[in-house]
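Fold and contact review
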Amino acid sequence: MTVGVLVASAQNARALWYLARASGLVAMVLLTVTVVLGIVSTVGWASARWPRFASQALHRNLSLLCLALIAIHVATIVADGYVPIGVLDAVVPFRTPYRRFWVGLGAGAFDLLVAVLVTSALRRHIGHRAWRAVHWLAYACWPITLAHGLGSGTDTRLGPVQLLYVVCAGMVAVAVAWRLVAAGTAAKRTPRPSALPGRHSRTGVRTP
Ligand code: HEM
């Protein structure tokens, strides 16, 4: 009987550990796709088959799914009890003695992500400027999460997992480059105030 209980609890612990690792990796993929879709909708890309609101809706829903996966990731790591990580360690960066730096990055990324999601939910109340300022944190959240996964993950040494990280990094790099090019093009197209008809130039002379 006692042996049976021990075997069952060992299997449970193993299942929790697998779940913690799998949910972390799936959350990483979801976060990547969420960031890419956010950029796609900001750039304003759309086609006849893929309207802009589709990118926006998917971006929003995937971010919530990502949060659910992170909740599972954290809950299973805390419940596993194999390493000294408590609930507070999930929200206070660099508190746990276990792989302090790398796990601390995970806690930092989690805080940033929650800030981004909460301000998005309150967007109407806090105004577009404040929302946008906080939303920029999403860009910081992604590389911090990548470093967390690479540094603390058991599976980092596995080839397929390394490939997954490379694909995620490639997707975000292409999307960010696209965003920068689009921002540069938009800046070139927008005429300076002094060049606008009927506006005063810096010299004080009203332009025709
Ligand atoms: C933005 C939120 C987070 C994401 C996307 C994320 C993602 C990941 C990923 C991808 C891994 C590597 C999994 C593997 O190699 O098997 C990992 C590992 C790990 N994460 Fe997170 N994580 C996040 C937040 C957290 C938080 C807040 C904690 C603190 C409780 C945490 C604790 C850990 C631990 C202890 C590991 C090592 C697990 C192992 O033994 O492989 N993570 N995480």
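Residues numbered from 1 in each chain as written. Predicted model: local features only at pLDDT ≥ 70, side-chain atom pairs only at ≥ 80, totals over all residues.

1. A look at the site of the ligand
Using the following cut-off: By definition, a residue lies near a molecule or strand provided its backbone-derived C-beta atom is within 6 Å of it. Elements are defined by DSSP. Helices are runs of H or I of four residues or more, strands are runs of E of two residues or more, and each kind is numbered from the N terminus. Classification used: nonpolar for Ala, Val, Leu, Ile, Met, Phe, Trp, Tyr, Cys and Pro, charged for Asp, Glu, Lys and Arg, polar for all others including Gly.
Near the ligand you find 29 residues, and of these Arg 21, Gly 24, Gly 106, Gly 149 and Gly 153 are the closest. Elements with a contribution of two residues or more to the shell around the ligand: α1 (2-43), α2 (52-80), α3 (87-91), α4 (100-121) and α7 (137-152). Broken down by element, the residue count for the shell around the ligand peaks at seven residues, all from α1. Looking at the shell around the ligand residue by residue, the classes come out as 16 nonpolar, 10 polar and three charged.

2. Here we look at α2
Selection criterion: The span you would expect from a helix comes to 1.5 Å times its residue count less one. For the exposure call, what matters is how many other C-beta atoms sit within 10 Å of a residue's own: 20 or more marks it buried, 12 or fewer exposed, and in between partly exposed, using C-beta atoms placed from the backbone.
The end-to-end C-alpha distance of α2, which contains 29 residues, comes to 42 Å, matching closely the 42 Å that a straight helix rising 1.5 Å per residue would cover. Residues of α2 that are buried include every one of Ser 55, Leu 62, Ser 63, Cys 66, Leu 69, Ile 70, His 73, Val 74 and Ile 77, and no others. Gly 81 lies just past α2 and shows a positive phi near 70°.

3. Concerning the environment of Leu 62
For Leu 62, the position within the fold is in helix α2. Distance in space between the C-alpha atoms of Leu 62 and Thr 32 is 10.0 Å, their sequence separation being 30 residues.

4. Remarks on unusual backbone geometry
One non-glycine residue, Phe 94, adopts positive backbone phi at about 60°. Summarising the element assignment, Phe 94 is placed in the loop between α3 and α4. Notably, Arg 99 is not glycine yet its phi reads approximately 40°, a positive angle. By the element assignment, Arg 99 lies in the loop between α3 and α4.

5. Points about the confidence of the model for the protein
Convention followed: For every residue, the predictor states its confidence as a pLDDT score lying anywhere from 0 to 100. Remark: residues whose backbone-derived C-beta atoms lie within 7 Å of one another are considered to be in contact.
Residues at a pLDDT of 70 or more form 86% of the protein, whose mean pLDDT is 88. Confidence, expressed as mean pLDDT per element, reaches its minimum in the protein at α1 with 86 and its maximum at α4 with 96. Scored below 50 in pLDDT, residues 199-208 makes 10 contacts in the model with residues more than four places away or belonging to other chains.

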